[in-house]
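Spelled out, the chains give:
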Amino acid sequence: QLQLVESGGGLVQPGGSVRLSCTLSGRKASIYAVAWYRQPPGKQRELLAFITSGGSTNYRDSVKGRFTISRDNAKNTVYLQMNNLKPEDTADYYCNAGWYTDSYVPLEYWGQGTQVTVSA
């Protein structure tokens, strides 16, 4: 059983920054690719970024240059550094463990989410 727990969300002003953490627990957590998703209020969940077990990264165009995904395998933690936040970044943020082949393949390992609200 693989478990994921997100943390780091909260209220932040436009232009501010926040770093989200996703801690994985379970055997061989480092073999999984990990993705960050978000779900704005009233909208569908969308893939933001993922990082493979080898450290390769990919980002949604709308967050390129502002968001950075990274991982620390020693801590079994994946981070999402979010800079220059905008009101449209307001959402529930989730991490997911999956596999990478030609693209990210999500598995049914999700955290409970952490809410980020960008507002003055």
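Above this text sits the structure in question.
Here's what I pulled together on the structure shown here.

With that out of the way, let us pick up the overall build of the protein chain. Secondary structure assignment for the protein chain yields 0 helices and 11 strands. Along the protein chain, from the amino end to the carboxyl end, the secondary structure elements read β-β-β-β-β-β-β-β-β-β-β. Computed over C-alpha atoms, the radius of gyration of the protein chain comes to 13 Å, within 12% of the 14 Å expected from 2.2 N^0.38 for 120 residues, which places it in the range of a compact globule. C-alpha extents for the protein chain along the principal axes are approximately 40 × 25 × 25 Å. Burial status across the protein chain gives 42% buried among its 120 residues. Within the protein chain, residue pairs in contact and separated by at least 24 positions form 55% of the contacts whose partners lie at least 6 positions apart. Approximately 6,400 Å² of the protein chain is accessible, and the part contributed by carbon and sulfur atoms is 44%.

Moving on to empty space enclosed by the protein. All chains considered together, the criterion is met by 1 cavity of 30 Å³ or more. Empty space within the largest cavity amounts to approximately 40 Å³. In this structure, the largest cavity is lined by Leu24, Ala29, Ser30, Arg71, Asp72, Asn73, Asn76, Thr77 and Val78. Elements represented by at least two residues in the lining of the largest cavity include exactly strand E7 (67–72) and strand E8 (77–82). Grouping the amino acids of the lining of the largest cavity by side-chain chemistry returns 3 nonpolar, 4 polar and 2 charged.

About the cut-offs
- Residues numbered from 1 in each chain as written.
- Predicted model: local features only at pLDDT ≥ 70, side-chain atom pairs only at ≥ 80, totals over all residues.
- Heavy atoms only, no water.
- Helix = DSSP H or I, 4+ residues; strand = E, 2+ residues; numbered from the N terminus.
- Rg over C-alpha atoms; globule rule 2.2 N^0.38 Å.
- Buried < 20%, exposed > 50% of the residue type's maximum accessible area, 1.4 Å probe, protein only.
- Contact = heavy atoms within 4.5 Å.
- Areas by Shrake-Rupley, 256 points an atom, 1.4 Å probe, with all protein chains shown as cover.
- 1 Å grid on protein atoms, 1.4 Å probe; cavity = no way out; pocket = protein on both sides within 12 Å on 5 of 7 lines; lining within 4 Å.
- Points joined across faces, edges and corners; volume = space filled by probe spheres on them.
- Nonpolar A, V, L, I, M, F, W, Y, C, P; charged D, E, K, R; others polar.

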